[in-house]
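The chain contents come next:
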Amino acid sequence: MLPSRQFIELTQPEIAAQLKANPLVIFPAGSVEQHGPHLPTGTDIFASIVIGEEVAKRMNGLVLPACPFGVTPMHMPFEGTITLTPDTYMRVLTEVCVSTAQHGAKYLLIINWHEGNIASLAIAAEALHREHGMSVLTAQACYVAAEIFGHEMGGLTHGGEIEAHAVLAYRPDLVHLDRIGQSSEHGHGHKWDKLRRTRSFQPVLTDIRTIAPTGWYGSPEHATVDKGKHMLEAIADSIAKEATDIFRMLDEAQGGTAEIKHFRKAS
Ligand SMILES: [Zn+2]
């Protein structure tokens, strides 16, 4: 039994044995960006780390050390935001995962909670599969949360109830429900979020203030630690179940470990 699911809390022999037992690594993807006066700037990466940990327990995997940064130029008008360029972010993801592949990792599950990362993750994920032989799956955890809890928690909004619950499940001391103030108008925020999340038409926005002039919107005042833990369990159950099924399908479709053995011999 592993003492931890976190890669950087383990020793070399523990990691070597674990990659032999089950060569699955999980990469948490998020961002450092303003989330209003009530949530920490690490909200998105904290969500991915805590979900990654729960999924790792369910799937017997290892959580790679999280890169806190993501691609988030949209939030730069507000202090508290730090962004990488897509190119830098893709290189970080690729080089971290290629290192683990060289030590035997075969399955990569990316757990992402930040929409601004999606395009970069897709390009890097494709390269990790095609050029480095990993079986790769990305779970857009914030959308999984919205699918399961959007109805009861006011939808997926920047700084709203779903995001507050994600941090409450990880570090309740970082959530300041007593400091909530100045949510932007809900109808306006939902209209713009809906527009940028449609499948057929994809407008490019430069500034979060187009969606939410105060930087955030939603109703996090109803969030509690218990509801956050319940949300976390449900999201982790859903991702673990889907990911297990999808990795099995990828194995069947791609020759699975045979394809990767071929790659390892060639490298
Ligand atoms: Zn967020």
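Everything here concerns the structure above.
In this text, all values refer to a predicted model and were calculated from it rather than measured experimentally.

Caption draft 1: The arrangement of the side chain of Ser 48 in detail. Positionally, Ser 48 belongs in helix 2 (residues 43-59). Residue Ser 48 is classed as buried on the basis of its relative accessible area of 0%.

Caption draft 2: View of the pairing of strand 1 (residues 24-29). Counting buried positions over the 6 residues of strand 1 gives 6, a clear majority of the element. Because side chains alternate across strand 1, one face comprises the buried residues Leu 24, Ile 26 and Pro 28, and the other comprises Val 25, Phe 27 and Ala 29, equally buried. Of the pairings in the sheet, the one linking strand 1 to strand 3 (residues 107-112) comprises 6 bridges and is parallel in character. Across the sheet, residue Pro 28 finds its bridge partner in strand 3, namely Ile 111. As paired elements, strand 1 and strand 2 (residues 62-63) share 2 bridges and run parallel to each other.

Caption draft 3: Focus on the layout of surface pockets. Counted as a void, the largest pocket has a volume near 1100 Å³. Glu 115, Gly 116, Ile 118, Tyr 143 and Arg 196 are the residues nearest the centre of the largest pocket, which is lined by 38 residues in total. For the lining of the largest pocket, the elements supplying multiple residues, two or more each, are helix 4 (118-130), helix 5 (141-149) and helix 7 (186-196). Grouping the amino acids of the lining of the largest pocket by side-chain chemistry returns 16 nonpolar, 12 polar and 10 charged.

Caption draft 4: Quick look at empty space enclosed by the protein. Within the structure shown, the criterion is met by 2 cavities of 30 Å³ or more. Size it by volume and the second largest cavity reaches roughly 30 Å³. Around the second largest cavity, the lining residues are Ala 47, Val 50, Ile 51, Ala 166, Ala 169, Met 231, Leu 232 and Ile 235. Those elements that provide at least two residues to the lining of the second largest cavity are helix 2 and helix 8 (225-254). By residue class, the composition of the lining of the second largest cavity is 8 nonpolar, no polar and no charged.

Rules used in this analysis
- Residues numbered from 1 in each chain as written.
- Predicted model: local features only at pLDDT ≥ 70, side-chain atom pairs only at ≥ 80, totals over all residues.
- Heavy atoms only, no water.
- Helix = DSSP H or I, 4+ residues; strand = E, 2+ residues; numbered from the N terminus.
- Buried < 20%, exposed > 50% of the residue type's maximum accessible area, 1.4 Å probe, protein only.
- Pairing = 2+ DSSP bridges.
- 1 Å grid on protein atoms, 1.4 Å probe; cavity = no way out; pocket = protein on both sides within 12 Å on 5 of 7 lines; lining within 4 Å.
- Points joined across faces, edges and corners; volume = space filled by probe spheres on them.
- Nonpolar A, V, L, I, M, F, W, Y, C, P; charged D, E, K, R; others polar.

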